[in-house]
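# Coordinate inspection notes
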Amino acid sequence: MKRSLALVLGLWLSCAAGASAQVTAIKAGRLLDPQAGAVLNDQIILVRDNKIEAVGKGLSIPAGAKVVDLSQMTVLPGLIDCHTHLADVSDENGDPFTLLKKTAAEVAFESVPNARTFLREGFTTVRDVGVYRALNDVAMRDAIAHGYIEGPRMYVAGAYVTITGGAGAMTGFAPDITLPWDLRYGEANSPWEVRQRIRQLVHDGADHIKVLSSGAVLTHGSNPKSQEFTLEELQAAVDEAAHFGLRVESHAHSPEGIKNAIRAGVASIEHATMIDDEGIALAKQHGTYLDMDIYDEECIQEAGRLGKIPKDFLQHDAELGELHRNNFRKAVKAGVKLSFGTDAGVCPYDRSVKQFAFMVRYGMTPMQAIQSATTNAADLLGHADVVGDIKPGKFADVIAVAGDPLQDISVLEHVQFVMKDGKVYKQ
Ligand SMILES: [Zn+2]
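Presented here is an overview of the structure given in this document. (Residues numbered from 1 in each chain as written. Predicted model: local features only at pLDDT ≥ 70, side-chain atom pairs only at ≥ 80, totals over all residues. Heavy atoms only, no water.)

### Here we look at helix α8 (residues 277-286)
Just so we agree on the cut-off: The rule is simple: take the accessible area with a 1.4 Å probe, protein chains only, and divide by the maximum for that residue type; under 20% is buried, over 50% is exposed, in between is partly exposed. Secondary structure elements are defined from DSSP: runs of H or I of at least 4 residues count as helices, runs of E of at least 2 residues count as strands, and each element is numbered from the N terminus. The directions considered for the arc run from the helix axis to the C-beta atoms. Note on contacts: a residue pair qualifies if any of its non-hydrogen atoms lie within 4.5 Å across the two residues.
For α8, the set of buried residues is Gly279, Ile280, Leu282 and Ala283. For α8, the buried positions fall inside an angular range of 165 degrees around the axis, keeping them on one side. Exposed residues lying more than 90 degrees from the buried face of α8 are Asp277 and Gln285. Contacts from the buried residues of α8 go to α7 (255-264), β11 (289-291) and α11 (320-334). In the segment just after α8, glycine 287 is the residue with positive phi, at about 70 degrees.

Shown next, in the form of structure tokens:
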């Protein structure tokens, strides 16, 4: 009796939901399909609630549907950035150390505009790859999902899994200073400590795992040319994450740090700055994505000229910028899988879109650059079933630009329409 009542109630509720569903019809003058690598003319996109219901030419528009006229524009799937730090405030002097002057709550509230800016630039999904204040990103993801604040759909790392004093650690303070728990959360120094950290991260809500297998540019006392973690520790990370269905991304600048992580089976290498020929061959063989943030050098050098970055960071960065871009060109030529990741937070949050033009300048076709931020990114995230292109059943994440990005990729720097989850945020 109880069961049949529940059934009737369920049916009634689903009918009621059907009756009140919001239907939107988007008229797309040109629709870019990154999966097919093609552009279709005069398409209608039907959106029901937060999902794409149908796409095609000459579809009939249901009575009562809201019509969005983008017939003079190029319509694309919402963009995906696979390497962001939305929940960390970028400081005026570029030193992570100054985070110690703020409470975790201050950092969280001050990060709210980052997410809004990012969404309005056209990024409807991000893979956020770490915070100093552990789990602030989990809180931001959930606040966006609940509609408390505006931002992209977030898949978050929760913290940095790093060796003590490593690339993802807060460093530069005296040895007798003890940091609060959240700034030490991801430290691990053996395969079993790596596993323990990952178990905790999974329990605390992480969607993927970020490890760091080389030193960093923007960390005190670090050397980007070094190697961090052993192969055994990285294998433990990939294996433990897999127990929970999670993927691992590894920050790596140095050739050995890159190759160790690929051999361990990570899903992507972040930066891949000094990748050598063997590394490129390994990435290709393993199907590992490279997430190369080749625009950032502009911001690092600019901050250097303005004296807004610590001197040791600039020394770490010396000569890496051009090498990074040339290695990107090699990777494109070799046919390695590439995803769009900007390390947003290094550059201001409204400048990630500028990376597209650099990717084209360093060897990609405009379509490849767009695929890196749509279908490839969705594949890397393991969520190609819901994001990455405009197909029935996927989330209604739609953007539009004036002009043709295949002729001039820089039009992506001026996204004029943003819909995420069926809701319009910019028009
Ligand atoms: Zn980063």
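### Some points on the coordination of the zinc ion
We count it as follows: Here the coordinating atoms are restricted to nitrogen, oxygen and sulfur within 2.8 Å of the metal centre, or 3.2 Å for Na, K and Ca, and because water is not among them the sites may look incomplete.
Within the protein, His83 (NE2), His85 (NE2) and Asp343 (OD) serve as the donor atoms for the zinc ion, at 2.1 to 2.2 Å. Donor residues binding the zinc ion come from one chain and are separated in sequence as H-x1-H-x257-D. Taken individually, histidine 83 and histidine 85 each receive the classification buried, so the pair is uniform in this respect.

### Describing the packing of α8 against α11
Just so we agree on the cut-off: Interaxial angle, 0 to 180 degrees, is taken between N-to-C directions of lines fitted to C-alpha atoms, where a helix line uses only the stretch in contact. Any angle between 65 and 115 degrees counts as roughly perpendicular, while under 35 counts as roughly parallel, over 145 as roughly antiparallel, and the rest as oblique. Take the far helix as the reference: if the near one is turned anticlockwise from it by less than a right angle, the crossing is left-handed, and if turned clockwise, right-handed.
Two elements in contact, α8 and α11, have axes whose closest approach is 10 Å; the angle formed by their N-to-C orientations is 40 degrees. With respect to each other, α8 and α11 are oriented oblique. When you trace α8 past α11, the crossing you get is right-handed. On α11, the residues touching Asp277, Ile280 and Lys284 of α8 are Asn327, Lys330, Ala331 and Ala334.

### Some remarks on the packing of helix α6 (residues 231-243) against α7
Using the following cut-off: Residue type decides the class: Asp, Glu, Lys and Arg count as charged, Ala, Val, Leu, Ile, Met, Phe, Trp, Tyr, Cys and Pro as nonpolar, and the leftover types, Gly among them, as polar.
Packing of α6 against α7 leaves a shortest axis separation of 8 Å and a crossing angle of 45 degrees. Put simply, α6 runs oblique to α7. Considering how the two elements wind past one another, α6 and α7 form a crossing that is right-handed. Packed against α6, whose contacting residues are Leu231, Leu234, Gln235 and Val238, the element α7 presents Asn260, Ala261, Arg263 and Ala264 at the interface. By residue class, the composition of the contact of α6 with α7 is 5 nonpolar, 2 polar and 1 charged.

### A few points about the side chain of serine 222
Here is the rule we go by: Pairs of N or O atoms within 3.5 Å make up the polar contacts considered here, provided that, within protein, one atom can donate a hydrogen while the other can accept it, and that residues adjacent in sequence are counted only when both atoms are side-chain atoms.
Its place among the elements puts serine 222 in the loop between β8 (209-212) and α6. Serine 222 gets classed as buried once you look at its relative accessible area, which sits at 8%. Side-chain polar atoms of serine 222 contact the backbone nitrogen of alanine 216, separated by 2.7 Å. If we ignore the near neighbours within four places in the chain, the residues touching serine 222 are Ala167, Gly215, Ala216, Glu228 and His316.

### What to know about the sheet that holds strand β12 (residues 338-339)
Keep this limit in mind: For two strands to be treated as a pair, DSSP must find at least two bridges joining them.
Taking strand neighbours across the sheet as the criterion, the 5 strands line up as β8-β9-β10-β11-β12 in an open arrangement whose pairing is parallel. The open sheet has two edge strands with one neighbour each: β8 and β12. Strand direction decides the pairing type here: strand β9 (residues 248-252) and strand β10 (residues 268-271), joined by 4 bridges, are parallel. Bridge pairing in β10 places alanine 252 opposite histidine 271.

### Examining the nonpolar core
The line we're drawing: Remark: nonpolar core denotes a set of buried residues (Ala, Val, Leu, Ile, Met, Phe, Trp, Tyr, Cys) joined through side-chain atoms within 4.5 Å.
Counting 79 residues, the largest nonpolar core has Ile209, Ile269, Leu290, Phe328 and Phe356 as the members making the most contacts within it. Discounting residues that sit within four places of it in the chain, phenylalanine 356 has contacts with Leu79, Phe123, Phe340, Ala369, Ile370, Ala373, Ile409 and Leu412. Judged by nonpolar contacts, the second largest core, of 16 residues, contains Val47, Val68, Met73 and Ile390.

### Details of the pairing of strand β3 (residues 51-56)
Pairing of strand β2 (residues 38-48) with β3 involves 5 bridges; the strand directions are antiparallel. By the bridge assignment, isoleucine 45 is partnered in β3 with valine 55. Taking the residues that link successive antiparallel strands as the turn, the β2-β3 hairpin has 2 residues, and the phi of aspartate 49 there is positive, at about 55 degrees.

### A short note on the sheet that holds strand β5 (residues 79-84)
The strand order across the open sheet built from 3 strands is β5-β6-β7, with neighbouring strands paired in parallel fashion. Among the strands making up the open sheet, the edge pair consists of β5 and β7 (153-156). Recorded for the sheet is a direction-independent mean angle of 15 degrees between the axes of neighbouring strands. As paired strands, β5 and strand β6 (residues 123-128) are joined by 4 bridges and run parallel to one another. Following the sheet pairing, threonine 84 is matched in β6 by aspartate 128. The strands touched by helix α4 (residues 136-145) within the sheet are β6 and β7, with β7 carrying the most contacts at an inclination of about 155 degrees.

### Regarding the state of the cysteines
Here is the rule we go by: Whenever a pair of cysteine sulfur atoms sits within 2.5 Å, that pair is classed as a disulfide.
Going through the model one piece at a time under the given rule, you end up with 1 disulfide. Cysteine 347 provides the cysteine sulfur closest to cysteine 82, a residue in no disulfide bond, and the two sulfurs are 17 Å apart. Cysteine 82 gets classed as buried once you look at its relative accessible area, which sits at 0%.

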